[in-house]
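# Notes for the structure review
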Amino acid sequence: PMWNKKYERFYHAMMWPGMIMLILFNFIPLYGIVMAFQNFKPVKGIFGSEFVGLKNFQKLMMMSGFRQAVGNTVIIAVFKIIAGIVVPVFFALLLNECANSKIKRTVQTICYLPNFLSWVILGVIFTNFFSLTGMFNQMLALLGMDPEIWMIKASSFRTLLVTTDTWKNFGYGAIIYLAAMTGISQDMYEAADIDGASRMQKIRYLTLPSIVPTIILMTTLSLRGILDGGFDQVFNMYSELVYSTGDIIDTYIYRLGLVDLKYSMASAVNLAKSAVSFILIILSYGLARKFSGYQIF
């Protein structure tokens, strides 16, 4: 219709600020990829630096720090994915069984709030919480255990990362599963009540099977982030003492490029990570489409 054509340009104009930001900060900087194939010198610039081909990638494979960062990233990301599925599902099941709607909404809101807190803030909170004189050690002292500085203990740092990340995000993740549970027909629950099914039996044989497609979808979509250990969290919580178990690809790139000023090597690491992540995105959406019928286009 004529009205749609007349006013359509105003709706298109609303997209331009976002499109301009996308072009300026996502597309134009892509020319910097060539640094990964150069011996980049800031004084010479991108167009004047020596082209070295794949030598940076060959050096990368020989660097123990890079292999360590890749291993840490995969381990941390895998455990975050597992905890990020299991805990929200369990929490959603508990909320779904809560009969008091006021208590249910209050608990859900309280558990949802940490998702809005920055890791800059949470990093300080957890550093104090797990410090030598922090609340965690005070609780352990009541049990007769000796205090430790957990944030600089390499053997426990991964556990801290996974635990704190799960605590921050499980309330938000549970919303998806609660939404899936609201789609379950109440007639099925009434039929189960008539058959004398207990609460646990209804959860096991009715609720859980009904949300399995959603669980499969969220799990497969999480695969795309397997090389993302969470830069914000790790950067605000780690130290040199936990590099062996806590250093991930993103923090390794940060130190390589902005601390050691090895721009070409940092670009090579980032390009390699981006290439693998792109493959994982395609794989995750392919699996999501196959197992749960999810598709973007």
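Summary of the structure given here. (Residues numbered from 1 in each chain as written. Predicted model: local features only at pLDDT ≥ 70, side-chain atom pairs only at ≥ 80, totals over all residues. Heavy atoms only, no water.)

### Quick word on the pattern of salt bridges
Applying the stated criterion to the full structure yields five salt bridges. Between D247 and R255 there is a salt bridge whose closest N-O contact spans 2.8 Å. According to the relative accessible area criterion, R255 is buried, its value standing at 16%. Residue D250 pairs with K273 through a salt bridge whose shortest N-O separation is 2.6 Å. In this pair, D250 sits in helix α13 (residues 249-259) while K273 sits in helix α14 (residues 263-292), placing the two residues 23 residues apart along the sequence. (Salt bridge = Lys/Arg side-chain N within 4 Å of Asp/Glu carboxyl O. Buried < 20%, exposed > 50% of the residue type's maximum accessible area, 1.4 Å probe, protein only. Helix = DSSP H or I, 4+ residues; strand = E, 2+ residues; numbered from the N terminus.)

### Details of unusual backbone geometry
The backbone phi angle of L261 is positive, close to 60 degrees, even though this residue is not glycine. Looking at the element boundaries, L261 is found in the loop between α13 and α14.

### Looking at the layout of surface pockets
Of the voids in this model, the largest pocket is the one considered here, and its volume is about 760 Å³. Along the wall of the largest pocket there are 27 residues; nearest its centre are K80, I81, D165, N169 and S222. With eight residues, helix α8 (residues 154-182) is the single largest residue contributor to the lining of the largest pocket. The residue inventory of the lining of the largest pocket, partitioned by class, reads 12 nonpolar, 10 polar and five charged. Computed from the structure, the second largest pocket encloses a volume of approximately 460 Å³. Along its surface, the second largest pocket is lined by 17 residues, and G32, A266, S267, N270 and L271 are the ones closest to its centre. Residue assignment for the lining of the second largest pocket shows that the elements contributing at least two residues are α1 (2-27), α13 and α14. With six residues, α14 is the largest single contributor of residues to the lining of the second largest pocket. (1 Å grid on protein atoms, 1.4 Å probe; cavity = no way out; pocket = protein on both sides within 12 Å on 5 of 7 lines; lining within 4 Å. Points joined across faces, edges and corners; volume = space filled by probe spheres on them. Nonpolar A, V, L, I, M, F, W, Y, C, P; charged D, E, K, R; others polar.)

### Topic: the state of the cysteines
In this structure the tally under the stated criterion is zero disulfides. No disulfide involves C98; its sulfur sits 12 Å from that of C111, the nearest cysteine. Among the residues examined, C98 registers a relative accessible area of 25% and is labelled partly exposed. Residue C111 is classed as buried on the basis of its relative accessible area, which comes to 16%. (Disulfide = S-S within 2.5 Å.)

### Looking at α13
Most of α13 sits out of view: eight of its 11 residues are buried. Buried residues of α13: I249, D250, T251, Y252, I253, R255, L256 and G257, and no others.

### Remarks on the packing of aromatic side chains
Taken as a whole and judged by the stated rule, the model has 17 aromatic pairs. Ring geometry for F231 against F235: centres 5.2 Å apart, planes inclined by 20 degrees, an arrangement best described as stacked. A residue pair is termed a helical-turn pair when its members lie 3 or 4 positions apart in one helix, as F231 and F235 do in helix α11 (residues 231-237) at four residues. The class for F235 is partly exposed, based on a relative accessible area of 33%. Note on F235 and Y254: the rings are 4.9 Å apart at their centroids and 75 degrees apart in plane angle, and the pair reads as edge-to-face. (Phe/Tyr/Trp six-rings, centres within 6.5 Å; stacked < 30°, edge-to-face > 60°.)

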